[in-house]
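Residue strings, one per chain:
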Amino acid sequence: NVTMGGCADQMTSVPCVYWFVMIITVLSNIASNVPVCQMLAATFPYATPYDWLQVSFSATIAGNLTMLGSAANMIVAFQAAKVGDRTFTSERHAPFGIPSTIVCLYAGTVL
């Protein structure tokens, strides 16, 4: 993979792991985490089990950054709206979702 240089072969080496976590975080909040993992599986078919552990962790945690990043967040918002509670919004989710996601991703990546 020419675009990613040496990081294409070393997903979880430093500093590559930080790039992958950032890419997974952004993509997981645009397209949701399941399609992102499927795309990465097709792009990196020979990644190690440890690489996939990092991908899985990052995609799962990254989905909590924004309301749209996780299907679970959307299900909760729709269920709340069905019973008349329209307070579960992106604006209300952000003050919790953004800092908690950043802290968890950092801690999990360092470990």
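The text that follows walks through the structure, step by step, so that each part is easy to find. By convention here, each chain's residues receive numbers from 1 onward along its written sequence. At least 70 in pLDDT is required for a residue's local features to be given in this predicted model, at least 80 for side-chain atom pairs to be given and counted, and no such filter applies to totals for whole chains, interfaces and linings, which use all residues. Based on all heavy atoms of the structure, the side-chain values leave hydrogens and waters out of the count.

Points about the overall build of the chain
What counts here: The secondary structure listing takes helices from DSSP runs of H or I that are at least 4 residues long and strands from runs of E that are at least 2 residues long, numbered from the N terminus. Only protein chains enter the accessibility calculation, which uses a 1.4 Å probe. A residue is then buried if its area is under 20% of the maximum for its type, exposed if over 50%, and partly exposed in between. Method for areas: the Shrake-Rupley scheme with a 1.4 Å probe, in which residue coverage is limited to the protein chains shown.
Looking only at helices and strands, the chain has five helices and zero strands in total. Reading the secondary structure of the chain in the N-to-C direction produces α-α-α-α-α. Seen through its principal axes, the chain has C-alpha atoms that stretch 50 × 25 × 25 Å. In the chain, which comprises 111 residues, the share counted as buried stands at 33%. Summed over all atoms, the accessible surface of the chain reaches about 6900 Å², with 71% contributed by carbon and sulfur.

Quick notes on a nonpolar patch on the surface
Our working rule: Patch definition: residues above 30% relative accessible area lacking any salt bridge, with like charges linked at up to 9 Å and the nonpolar side chains Val, Leu, Ile, Met, Phe, Trp and Tyr linked at up to 5 Å. Definition used for salt bridges: Asp or Glu carboxyl oxygen within 4 Å of a side-chain nitrogen of Lys or Arg.
A surface patch of nonpolar side chains, amounting to about 530 Å² of accessible area, comprises Trp19, Met22, Ile23, Val26 and Ile30. Following the sequence through the fold, valine 26 ends up in helix H1 (residues 16–31). The exposure class of valine 26 is partly exposed, given its relative accessible area of 46%.

Some details on the packing of helix H2 (residues 33–43) against helix H3 (residues 49–62)
Put simply, the rule reads: Note on definitions: angles span 0 to 180 degrees between N-to-C directions of axes, and those axes are lines fitted to C-alpha atoms, for helices only across the stretch in contact. Angles are sorted into four bins: roughly parallel if under 35 degrees, roughly antiparallel if over 145, roughly perpendicular if 65 to 115, and oblique for all others. For a crossing to be left-handed, the near helix must be turned anticlockwise from the far one by less than a right angle; the clockwise case is right-handed. Any two residues whose heavy atoms approach within 4.5 Å are treated as being in contact. Gly falls in the polar group here, along with every residue not listed as nonpolar (Ala, Val, Leu, Ile, Met, Phe, Trp, Tyr, Cys, Pro) or charged (Asp, Glu, Lys, Arg).
Between H2 and H3, whose axes approach to 9 Å, the crossing angle comes to 155°. Here H3 runs roughly antiparallel to H2, going by the angle between their axes. When you trace H2 past H3, the crossing you get is right-handed. Across from Asn33, Cys37, Leu40 and Ala41 in H2, the residues of H3 making contact are Trp52, Val55, Ala59 and Thr60. Its residues placed into classes, the contact of H2 with H3 shows six nonpolar, two polar and no charged.

A short note on the nonpolar core
Across soluble globular proteins, you tend to see nonpolar side chains buried next to one another. Defined as follows: For our purposes a nonpolar core is just a set of buried Ala, Val, Leu, Ile, Met, Phe, Trp, Tyr and Cys residues, chained together by side-chain atoms within 4.5 Å.
The biggest cluster of nonpolar side chains holds 11 residues, and these are Cys7, Met11, Cys16, Phe20, Ile24, Val36, Leu40, Phe44, Ala47, Val55 and Ala59. Breaking this core down by element, the ones donating at least two residues are H1, H2 and H3. With three residues, the top contributor of residues to this core is H1. One finds Val17, Val21, Ile61 and Ala62 within the second-largest nonpolar core, a separate group that totals five residues.

A few points about the side chain of glutamine 54
Note the cut-off: Any N or O atom pair separated by 3.5 Å or less is treated as a polar contact, with the protein-specific requirement of one donor-capable and one acceptor-capable atom, and with residues adjacent in sequence counted only for side-chain atom pairs.
Along the chain, the position of glutamine 54 falls in helix H3. Glutamine 54 sits in the buried class, given a relative accessible area of 9%. There is a polar contact of 3.5 Å between the side chain of glutamine 54 and the side chain of threonine 109. Apart from the residues within four sequence positions on either side, glutamine 54 is in contact with Thr12, Val17, Val21, Gly108 and Thr109.

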